[in-house]
Amino acid sequence: MKALVKSKPEPGLWMEDVPVPTIDPHEVLVEVDVTAICGTDLHIYNWDKWAQKTIPVPMHIGHEFVGHVIEVGKDVKNIKVGERVSGEGHITCDHCKNCRTGKSHLCAHTVGLGVNRPGAFAEYVSLPAKNIVKVPEDIPDEIAAIFDPLGNSIHTALSFDLIGESVFISGAGPTGLMATQIAKYIGAKNIIVSDVNEYRLTLAEKMGATHTINVLQTPLDSVEHEYDIALEMSGNAYALQTLIKNISHGGKVALLGIFPEHVSIDWDNVIFKGLHLKGIYGREMFTTWHKMLALLQSGLAISPVITHHYHIDEYQSGFDIMNSRNCGKVILNWKK
Ligand code: NAD
Ligand code: ZN
C-alpha cells in the first residue's frame, strides 16, 4: 500500500510502498479516506529534537483520519465491515490503575498512532476495536478527520465552567481556534484570543473571539480585559508567563500547549492568587468523544478552521503551508 513514511532521519516525508497491516483478533482494518495534518506531524516532518528521540525510522505517520472498515478481527463484535469510522489514536494499556478506574487518558503506558506505531497517512490503518469511533451520518468526512484535535480543544475548553465567564485563549492555532468556537457556543461572555500571526487572529474573529491581541504589537500586560479562565494553547513560554501574571485572583488555567524547553513561571502568582492549573493530554476516553459528537450534532460549527485541502499526492504543499503557519487545519484527501 501507499504510505507517507519517515524513512530517513532528516527533514521530509516520502511516499513509499509498505506492507498492508495485519490485524490481531481484537483489531480493525480501516481503508483511509481523508486525513489531516497535526502539529505533531509537522514536528516529525521537520525532524526536530522531540521527533528525533521519539520516532522510530522507518515508520509511516499520521493519526487524524476517517475511513471505512474493511476487515474486523475474530474477537470484534460490535463493528462491521463498511462502517464509516474515525478513532482515538492513544492506545492505552487496560491494566494500570488509571485504565482500570475510568481514567485511561492518564495511562502512563499510552502508545500513539503514527508516533509509536504505524499511522494513518496510508491507504490502510489498523487500530484496536476499543479505539474505533463510529461517525454519525450527518457529520462530513472532513470534520470526522479532525476529531482528534477537536477533541483536544473540547477537553481543554470544558475543563472549567465557561458559561458567562471571560476566557483568555493564548494561541490561535487550529486547537485555539476550535476552542474559541466552543467557548462561544457554550456561552462564554468574553473570549480574548492572542497570537503573533495576523492571519490566525483574523480567523479567530471569524470563529467567535470578542477581542484579539497581537502580542507582538500589544503586550498582554497593557490590555484592560480581565479574565478568570485561561486556555494555554500556544506552547510559548512568554505566553504562559504573561497569562499567569495577568489572570484574575482565583483564576483557572488549562494547559494544552507543549513547551519545547523548560519554562519557569512566577509561583507567587499561582500561590497568592490561588490559581488552579490543569494539564491536558489528549482526550478523555471516551467522555470527550461523546461530548464532541453531541456538540457537533447540536450545531457546533467548526468548518472555518479548515482552510486548505489537498489530494495526498500533493502532500508536500500541505506540509509547506503548515510550515508557513498561514493556515488553519490542512486536509489531505486519500480518495481515488
Ligand atoms: P500551533 O503551533 O499551530 O498553534 C500555536 C499558535 O500559538 C500559533 O498560531 C503561534 O503563532 C501562536 N503563538 C506563538 N507565540 C505566541 C505568544 N507569545 N502568544 C500567543 N500565541 C503565540 O499548534 P496547535 O495545533 O493549535 O496546538 C497548540 C499547542 O498544543 C501546541 O503546542 C501543540 O504542540 C500542543 N498540543 C498538545 C496536545 C496535548 O495533548 N497536550 C495535543 C495536541 C497539540
Ligand atoms: Zn493504562
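Model, not experiment: these values are computed from the prediction.

Criteria and cut-off values
Residues numbered from 1 in each chain as written. Chains lettered and ligands numbered in written order. Predicted model: local features only at pLDDT ≥ 70, side-chain atom pairs only at ≥ 80, totals over all residues. Heavy atoms only, no water. Pairing = 2+ DSSP bridges. Helix = DSSP H or I, 4+ residues; strand = E, 2+ residues; numbered from the N terminus. Axes fitted to C-alpha atoms, helices over the stretch in contact; angles between N-to-C directions. Contact = heavy atoms within 4.5 Å. Donors = N, O, S within 2.8 Å, 3.2 Å for Na, K, Ca; no water. Tetrahedral: all angles 85-135°; square planar, octahedral: opposite > 155°, others 65-115°. Buried < 20%, exposed > 50% of the residue type's maximum accessible area, 1.4 Å probe, protein only. Near = heavy atom within 4 Å. Polar contact = N/O pair within 3.5 Å; in protein donor to acceptor, adjacent residues only side chain to side chain. Areas by Shrake-Rupley, 256 points an atom, 1.4 Å probe, with all protein chains shown as cover. Nonpolar A, V, L, I, M, F, W, Y, C, P; charged D, E, K, R; others polar. UniProt positions renumbered as here; feature names shortened; annotations may be inferred. Arc of directions from axis to C-beta. Phe/Tyr/Trp six-rings, centres within 6.5 Å; stacked < 30°, edge-to-face > 60°. Core = buried A, V, L, I, M, F, W, Y, C linked by side-chain atoms within 4.5 Å. Domains from an automatic or database assignment.

## Quick word on the sheet that holds strand β15 (residues 252–255)
- The strand order β13-β12-β11-β14-β15-β16 describes an open sheet built from six strands, whose pairing is parallel. The sheet terminates laterally at β13 (211–214) and β16 (276–279), the two strands that pair on one side only. The mean inter-strand angle of the sheet, taken between neighbouring strand axes irrespective of direction, is 15 degrees.
- Taken together, the four bridges between strand β11 (residues 166–170) and strand β14 (residues 229–232) define a ladder with parallel strand orientation. For F168, the partnering residue across the bridge sits in β14 and is A230.
- Packed on one face of the sheet, helix α6 (residues 174–186) meets β11, β12 (190–195) and β14 and runs near 175 degrees to β12.
- Those strands touched by helix α7 (residues 198–206) are β12 and β13, and its axis lies near 170 degrees from that of β13.

## With respect to the coordination of the zinc ion (ligand 2)
- Listed as protein donors to the zinc ion (ligand 2) are C93 (SG), C96 (SG), C99 (SG) and C107 (SG); their distances from the metal cover 2.3 to 2.4 Å.
- One can describe the site at the zinc ion (ligand 2) as tetrahedral: its four donor atoms subtend angles covering 105 to 118 degrees at the metal.
- The sequence pattern describing where the donors of the zinc ion (ligand 2) fall on their chain is C-x2-C-x2-C-x7-C.
- For C96, a relative accessible area of 16% puts it in the buried group.

## Topic: the site of ligand 1
- Residues in close proximity to ligand 1 total 23 residues, the closest being T175, D195, R200, I280 and G282.
- L256 places a main-chain nitrogen or oxygen 3.1 Å from a nitrogen atom of ligand 1.
- In this structure, I280 approaches ligand 1 through a main-chain N or O atom, which is 2.8 Å from a nitrogen atom.
- Considered on its own, ligand 1 offers 850 Å² of accessible surface; in the complex 85% of this is hidden by protein.
- At the level of elements, α6, β12 and α8 (237–246) are the ones that each hand at least two residues to the shell around ligand 1.
- Among the residues making up the shell around ligand 1, the classes are represented as 10 nonpolar, 10 polar and three charged.

## Some details on the sheet that holds strand β1 (residues 2–6)
- Within the open sheet, the three strands sit side by side as β2-β1-β4. Their pairing is antiparallel. Single-partner strands in this sheet number two, and they are β2 (14–17) and β4 (59–60).
- By the bridge criterion, two bridges tie β1 to β4 in an arrangement that is antiparallel. Counted as the bridge partner of V5 is H60 from β4.

## A look at the UniProt feature "binding site: Zn(2+) 2" (unreviewed entry) in the protein
- When the UniProt feature table is mapped onto this chain numbering, "binding site: Zn(2+) 2" (unreviewed entry) sits at C93, C96, C99 and C107.
- Following the sequence through the fold, C96 ends up in the loop between β7 (90–91) and α3 (97–100).
- Among residues more than four places away in sequence, those in contact with C96 are C107 and H109.
- We classify C99 as buried; its relative accessible area is 14%.
- When near neighbours in sequence (up to four residues on either side) are disregarded, C99 contacts T92, C93, D94, S104 and C107.

## A short note on helix α10 (residues 287–297)
- Of all the residues in α10, the buried ones are T288, W289, M292, L293, L295 and L296. Taken down its axis, α10 places every buried residue within 165 degrees of arc, on the same side.
- Structurally, α10 contributes buried residues whose contacts are with β6 (84–87), β10 (132–134), α4 (141–144), α5 (147–157) and α6.
- One or two residues past the end of α10 sits G299, with phi positive at roughly 125 degrees.

## Section: the side chain of S248
- As for its placement among the helices and strands, S248 is situated in the loop between α8 and β15.
- Once you skip the residues sitting within four places of it in the chain, S248 turns out to touch E226, Y227, D228, K273 and L275.

## Looking at the packing of aromatic side chains
- Summed over all chains, the structure comprises four aromatic pairs.
- Relative to F319, the ring of Y45 lies with its centre 4.9 Å away and its plane at 15 degrees, an arrangement referred to as stacked. A residue pair is termed long-range when its members are at least 10 positions apart, and Y45 in helix α1 (residues 39–46) and F319 in helix α11 (residues 315–324) qualify at 274 residues. Comparing Y45 with F319, the two get one shared label, buried.
- Through successive ring pairs, a cluster of aromatic residues spans F147, F286 and W289.

## Some details on the nonpolar core
- F147, L150, L231 and L296 are the most contacted members of the largest nonpolar core, which has 47 residues in total.
- Residues lining this core come from more than one domain, with at least three contributed by each of domain 1 (2–146 + 302–333) and domain 2 (154–279).
- Aside from chain neighbours lying at most four places away, what touches L231 is T156, A157, V167, F168, I169, S170, A179 and A254.

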